[in-house]
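A structural walkthrough
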Amino acid sequence: MAVNPQRRAALVDAGVEVLAREGARGLTFRAVDAEAGVPVGTASNYFTGRDDLLRQIDARLHARLAPDPEKLAGLLARPKDRALVTAFMHDLIARATADRTGYLALLEMRLEATRRPELRESYTKSVRGDLEQGMEFHRDAGLPGGDETVVVLYLAMLGLILEHLTLPGVLDGVLPGVGVPEGLVERVVAMVVPEG
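Every chain is numbered on its own, with residues counted from 1 as its sequence reads. In keeping with the predicted nature of the model, local features appear solely for residues at pLDDT of at least 70, side-chain atom pairs appear and are counted solely at 80 or more, and the whole-chain, interface and lining totals rest on all residues. Calculation of side-chain values draws on the structure's entire complement of heavy atoms; hydrogens and water are dropped beforehand.

Looking now at the overall build of the protein. A tally of regular secondary structure across the protein gives nine helices and zero strands. Listed by position from the N terminus, the elements making up the protein come as α-α-α-α-α-α-α-α-α. With the principal axes as the frame, the protein shows a C-alpha extent of 55 × 35 × 30 Å. Taken over 196 residues, the protein has a buried fraction of 39%. Here a residue-residue contact requires only that any non-hydrogen atoms of the pair lie within 4.5 Å. For the protein, long-range pairs separated by at least 24 residues make up 67% of all intrachain contacts whose partners lie at least 6 apart in sequence. Charge assignment: positive for Lys and Arg, negative for Asp and Glu; neither His nor the chain ends contribute. The atom standing in for a charge is NZ when the residue is Lys, CZ when it is Arg, CG when it is Asp and CD when it is Glu. Here the protein carries 23 positive and 28 negative side-chain charges, and the mean point of each set is 4 Å from the other. Only DSSP runs of H or I with at least four residues qualify as helices, and only runs of E with at least two residues qualify as strands; both kinds are numbered from the N terminus onward. Partly exposed residues are those whose accessible area sits between 20% and 50% of the maximum for their type, while under 20% is buried and over 50% is exposed, using a 1.4 Å probe and protein chains only.

Structure representation (structure tokens):
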């Protein structure tokens, strides 16, 4: 197995691009090599197989799409109220929009996990870990609402991100006078998160 960490990272990021653009069926070592601009056969020197590449894409996406620590610290200095939760959700939408490819690749990973039990197990563990981490963060930060609030907010925001990134026209004008996605974020948080 080749050990150049920069090349491995470039190949994983190329895999993200291919996955988002072509779907899981288009994610081949040859396609990753072409996307990364490296000689044919390079990816096969860095990954033991497609499952290994998918697991590394999963790990990379979680790092790539994580909140900026400085922005997070700035937000946490604010009062722990519904407005802060709204700010966190606006940040989530902004990150999804800024790295559309990364979020589309995450959606493709979900679809592929429905077809492949070995991927489903590891991906379920990864996504469940993110949800549990979000619940713990919410509790530790002293934000309004409990675990149920976080789960419902997670489900609502996942749906909003899905529509916003894949079929944005579905939401345009659905609630007159409510902007997409910003106004919908405000509505979701107001409906889900208790005041105070």
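Core analysis: the biggest nonpolar cluster contains 53 residues, and L19, L27, I57, M89, Y103, L153 and M157 have the highest contact counts within it. Here this core takes eight residues from helix 5 (residues 82–98), the largest share from any one element. Setting aside chain neighbours within four positions, we find M89 in contact with L153, M157, V185 and V189. Here, the term nonpolar core denotes a set of buried Ala, Val, Leu, Ile, Met, Phe, Trp, Tyr and Cys residues that are joined through side-chain atoms within 4.5 Å.

So, about unusual backbone geometry. Here the residue pair V180 and P181 is connected by a cis peptide bond, since its omega of 0 degrees sits within 30 degrees of zero. As for its placement among the helices and strands, P181 is situated in the loop between helix 8 (147–166) and helix 9 (182–192).

Each reported salt bridge corresponds to a side-chain nitrogen of Lys or Arg within 4 Å of a carboxyl oxygen of Asp or Glu. Under the defined criterion, the tally for this structure stands at 16 salt bridges. Of the charged contacts in the structure, one is a salt bridge between E112 and R116, with a shortest N-O distance of 3.3 Å. Here the two residues E112 and R116 agree in accessibility, since each one is buried. Between E118 and R116 there is a salt bridge, with its nearest N and O atoms 3.1 Å apart. Overall, the relative accessible area of 41% leaves E118 in the partly exposed class. Ionic contacts of the salt-bridge type, sharing partners, join the residues R50, D51, E112, R115, R116 and E118 into one network.

This next bit is on the side chain of D58. Tracing the chain through its elements places D58 in helix 3 (residues 50–64). Buried and without a salt bridge, D58 has R55 as its closest oppositely charged side chain, separated by 8.4 Å. Among the polar contacts made by the side chain of D58, one reaches the side chain of S126 at a distance of 3.2 Å. In this structure D58 touches M109, Y123 and S126, once residues within four positions along its chain are discounted. What qualifies as a polar contact is a pair of N or O atoms within 3.5 Å, subject to a donor-acceptor requirement within protein and to the restriction that residues adjacent in sequence count only when both atoms come from side chains.

Right, let's get into helix 6 (residues 100–115). End to end, helix 6 covers 23 Å across 16 residues, agreeing with the expected 22 Å (1.5 Å per residue, within 8%). Where helix 6 is buried, its residues contact helix 1 (5–22), helix 3, helix 5, helix 7 (117–141) and helix 8. Residue count minus one, scaled by 1.5 Å, sets the expected span of a helix.

So, on to the side chain of T86. Along the polypeptide, T86 turns up in helix 5. When residues no more than four places from it in sequence are discounted, the contact partners of T86 are V185, E186 and V189.

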